[in-house]
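Here is what each chain is made of, one letter per residue.
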Amino acid sequence: MADSLLVPLHVKYIAALAKHRGSLAYHLTTHLRLNAIYWAATTLHLLGAPEALPRDGLVEFTLSCWDDDAGAFGPFPQHDAHILATLSGIQVLALNDALGELEKDGRKERLVKYICSLQDQDSGAFFGDSTRLEQDTRFLYCAVCALSLLSSLHSVSRERCVRAVLAARNHDGGFGTVPGSESHAGQAFVCVGALAILDALDELQGADGKGKDKLAGWLSERQLPCGGLNGRPRKLEDVCYSWWVLTALAILGKLHWISGTKLSQFIVSAQDPDHGGIADRPDNVADVFHTFFGVAGLAMLGGPPAQGLREVDPVFALPAHVTRRMGIQKPYQRLPDAPREEEAQ
Ligand code: GRG
Ligand code: ZN
């Protein structure tokens, strides 16, 4: 079993994914394609090998996912727009310093209009698309993150957004998808991330002033004896929770409430030492989703397995050099031996 991060092998694994266009798996995952491009490209940047997927191809594919009827991005050419694909599209453009493409044909204004149109004016919650069938705190995060990357956060009601996030909080200190739904670590990331973007983290404290610690306590209870984290009580450990849990802890300044050494070992043990990539847990099949969250988790934890990685921004889920270049960074905890980008002079 490997005990360090197999950087060159993971770069090769991700670069090879782009060559599998004939496979059944490729055709069965079109609904996630733009998300997958975002996971792949961001991982390569964190691994220090952005050139392994050509920039022009990434930008061109992203623009080909534009749904001109809706004025936003779908997950694949000719697919309907959705907020999940829209955030990924904007993130891929930001990663490649190509947001200027949205200045053409009024695309940026149309995107902002589309995103704002998804907010429920009563509750402040967001729908995922124009069918307005489903609300989820995930969609609210996507909306505020995308608007911030477009320098347009002022276009949405901050007060309504904060209200909707707080309404999804539970007595255990965690967050669900909608008011009253079970706490899940994925929702902790989206809710804490959204509050960070909205400069509203103090709203977490509540009447007793203990809201942040209560949430951090719930998050730290996600670590299991094997070192891995689960997403909610009595569930199995999974590498992707390294991201959903660690980001929320980093934003709350409580990364040291879990054992980083044990978690790093768990992530590294879920690598495929022959073909590259990281799986949800040891001995399972690797995929690009868990490869991204495993690499990004190690970048937050630091230490020897993170050698050679670049700093990740847990609020915007992008390399820190990108959000620093854009001037949109929010405060978050950096562990002493985690990768750190030079501060701009
Ligand atoms: C920019 C990183 C980024 C994300 C965009 C889509 C999104 C915003 C956030 C997703 C947050 C979320 C809900 C993550 C959890 C995903 C996950 C592993 C769900 C699995 O749920 P179950 O119930 O698994 O199948 P468990 O582990 O609870 O058994
Ligand atoms: Zn997972």
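These numbers come from a predicted model, not from an experiment. (Residues numbered from 1 in each chain as written. Chains lettered and ligands numbered in written order. Predicted model: local features only at pLDDT ≥ 70, side-chain atom pairs only at ≥ 80, totals over all residues. Heavy atoms only, no water.)

**Some remarks on the pattern of salt bridges**
We apply this condition: Here, a salt bridge means any Lys or Arg side-chain nitrogen found within 4 Å of an Asp or Glu carboxyl oxygen. Think of it in three bands: with a 1.4 Å probe and only protein chains considered, a residue is buried below 20% of the maximum accessible area for its type, exposed above 50%, and partly exposed in between. Numbering goes from the N terminus for both helices and strands, where a helix is a DSSP run of H or I of at least four residues and a strand is a run of E of at least two.
In total, this model carries 15 salt bridges according to the counting rule given. Across the salt bridge formed by Asp56 and Arg55, the nearest N and O atoms sit 3.7 Å from each other. Since its relative accessible area comes to 55%, Asp56 is described here as exposed. Asp202 serves as the salt-bridge partner of Lys212, at 2.9 Å between the closest nitrogen and oxygen. One end of the pair, Lys212, is in helix 10 (residues 211-220); the other, Asp202, is in the loop between helix 9 (185-197) and helix 10, and 10 residues separate them in sequence. Here Lys212 falls in the partly exposed class, since its relative accessible area comes to 22%. Of the residues examined, Asp202 reaches a relative accessible area of 59% and is grouped as exposed. Residues joined by salt bridges that share partners form a network here, namely Glu134, Asp136 and Arg138.

**Here's the deal with the coordination of the zinc ion (ligand 2)**
Octahedral metal centres with six donors ideally show angles of 90 or 180 degrees, and tetrahedral centres with four donors ideally show 109.5 degrees. We apply this condition: Each metal's donors comprise the N, O and S atoms found within 2.8 Å of it (within 3.2 Å for Na, K or Ca). Water is not part of the atom list, so some coordination spheres may appear incomplete. Geometry assignment treats four donors as tetrahedral when all angles are between 85 and 135 degrees, treats four as square planar and six as octahedral when opposite donors are over 155 degrees apart and all others between 65 and 115, and treats everything else as irregular.
Protein coordination of the zinc ion (ligand 2) is provided by Asp238 (OD), Asp238 (OD), Cys240 (SG) and His290 (NE2), with donor distances spanning 2.1 to 2.5 Å. Viewed at the metal, the 4 donor atoms of the zinc ion (ligand 2) are separated by angles of 56 to 115°, and the geometry they form is irregular. Written as a sequence motif, the donor residues of the zinc ion (ligand 2) are D-x1-C-x49-H. A relative accessible area of 11% places Asp238 in the buried class.

**Remarks on the nonpolar core**
In plain terms, the rule: Among the buried residues, those of types Ala, Val, Leu, Ile, Met, Phe, Trp, Tyr and Cys that are joined through side-chain atoms within 4.5 Å form a nonpolar core. Contacts: residue pairs with any heavy atoms within 4.5 Å of one another.
In terms of nonpolar packing, the biggest core is built from 125 residues, with Phe73, Ile115, Phe126, Leu219 and Trp243 touching the most fellow members. Setting aside anything within four residues of it in sequence, one finds Leu219 in contact with Ala188, Val245, Ala248, Leu249 and Leu252.

**Some points on the confidence of the model for the chain**
So the rule is basically this: The quantity called pLDDT is the predictor's confidence in a given residue, expressed from 0 to 100.
In this model, the chain carries an average pLDDT of 96, and 97% of its residues clear a pLDDT of 70 or more. Here helix 2 (residues 24-28) is the element of the chain with the lowest mean pLDDT, 67, and helix 7 (residues 137-149) is the one with the highest, 99.

**Looking at the environment of Phe289**
Secondary-structure assignment places Phe289 in helix 13 (residues 288-301). Apart from residues no more than four positions distant in its own chain, Phe289 is found in contact with Trp39, Cys240 and Trp244.

**A closer look at the site of ligand 1**
Here is the rule we go by: Whether a residue is near a molecule or strand depends on its heavy atoms: it is near if one of them lies within 4 Å of it. Any N or O atom pair separated by 3.5 Å or less is treated as a polar contact, with the protein-specific requirement of one donor-capable and one acceptor-capable atom, and with residues adjacent in sequence counted only for side-chain atom pairs. Where accessible areas are quoted, they stem from the Shrake-Rupley method and a 1.4 Å probe; at the residue level, only the protein chains shown are allowed to cover.
Taken together, 19 residues lie around ligand 1, and His184, Arg232, Lys235, Tyr241 and Trp244 are the ones closest in. Arg232 places a polar side-chain atom, nitrogen or oxygen, 2.5 Å from an oxygen atom of ligand 1. Tyr241 is positioned such that a nitrogen or oxygen atom in its side chain is 2.7 Å from an oxygen atom of ligand 1. Considering ligand 1 on its own, with 750 Å² of exposed area, one finds that the protein chains cover 72% of that surface.

**Focus: the packing of aromatic side chains**
Rules: Two rings from Phe, Tyr or Trp (for Trp, the six-membered ring) form a pair when their centres sit within 6.5 Å of each other. Planes less than 30 degrees apart are called stacked, planes more than 60 degrees apart edge-to-face, and all others tilted.
Applying the stated criterion across every chain yields a total of 12 aromatic pairs. Measuring from ring centre to ring centre gives 5.8 Å for Trp243 and Phe292, while their planes differ by 40°; the resulting arrangement is tilted. Linking Trp243 in helix 11 (residues 241-252) with Phe292 in helix 13, this pair joins segments that are 49 residues apart in sequence. The same class applies to Trp243 as to Phe292, namely buried. Measuring from ring centre to ring centre gives 6.0 Å for Trp243 and Phe293, while their planes differ by 45°; the resulting arrangement is tilted. Of the two residues, Trp243 is situated in helix 11 and Phe293 in helix 13; the sequence distance between them amounts to 50 residues. Classification of Trp243 as buried rests on a relative accessible area of 1%. We classify Phe293 as buried; its relative accessible area is 3%.

**Some details on the state of the cysteines**
In protein structure, a disulfide is the covalent linkage between the sulfur atoms of two cysteines. Let me state the cut-off plainly: In this description, a disulfide is simply a cysteine sulfur pair whose atoms lie within 2.5 Å.
Following the criterion strictly, the structure yields 0 disulfides and no others. Free of any disulfide, Cys191 has its nearest cysteine sulfur in Cys161, 12 Å distant.

**Section: helix 12 (residues 260-269)**
Burial in helix 12 covers these residues: Leu263, Ser264, Phe266, Ile267, Val268 and Ser269. Next to the buried residues of helix 12 lie helix 11 and helix 13.

**Structural notes on helix 8 (residues 158-167)**
The condition is simple: Directions are taken from the helix axis to each C-beta atom, and the arc is the one they span.
Among all positions in helix 8, only Cys161, Val162, Ala164 and Val165 are buried. End-on, the buried residues of helix 8 take up no more than an arc of 160°, which puts them together on one face. Among the structural elements, helix 7 and helix 9 are those in contact with the buried residues of helix 8.

**Considering unusual backbone geometry**
The phi torsion at Asp105 lies on the positive side, around 55°, for a residue other than glycine. Inspection of the secondary structure puts Asp105 in the loop between helix 5 (83-95) and helix 6 (107-117). Look at Asp105 and you get exposed, because its relative accessible area is 67%. Its identity is not glycine, yet Arg132 carries a phi of approximately 50°, on the positive side. Its location among the elements puts Arg132 in the loop between helix 6 and helix 7. In this structure Arg132 comes out as partly exposed when scored by relative accessible area, which is 36%.

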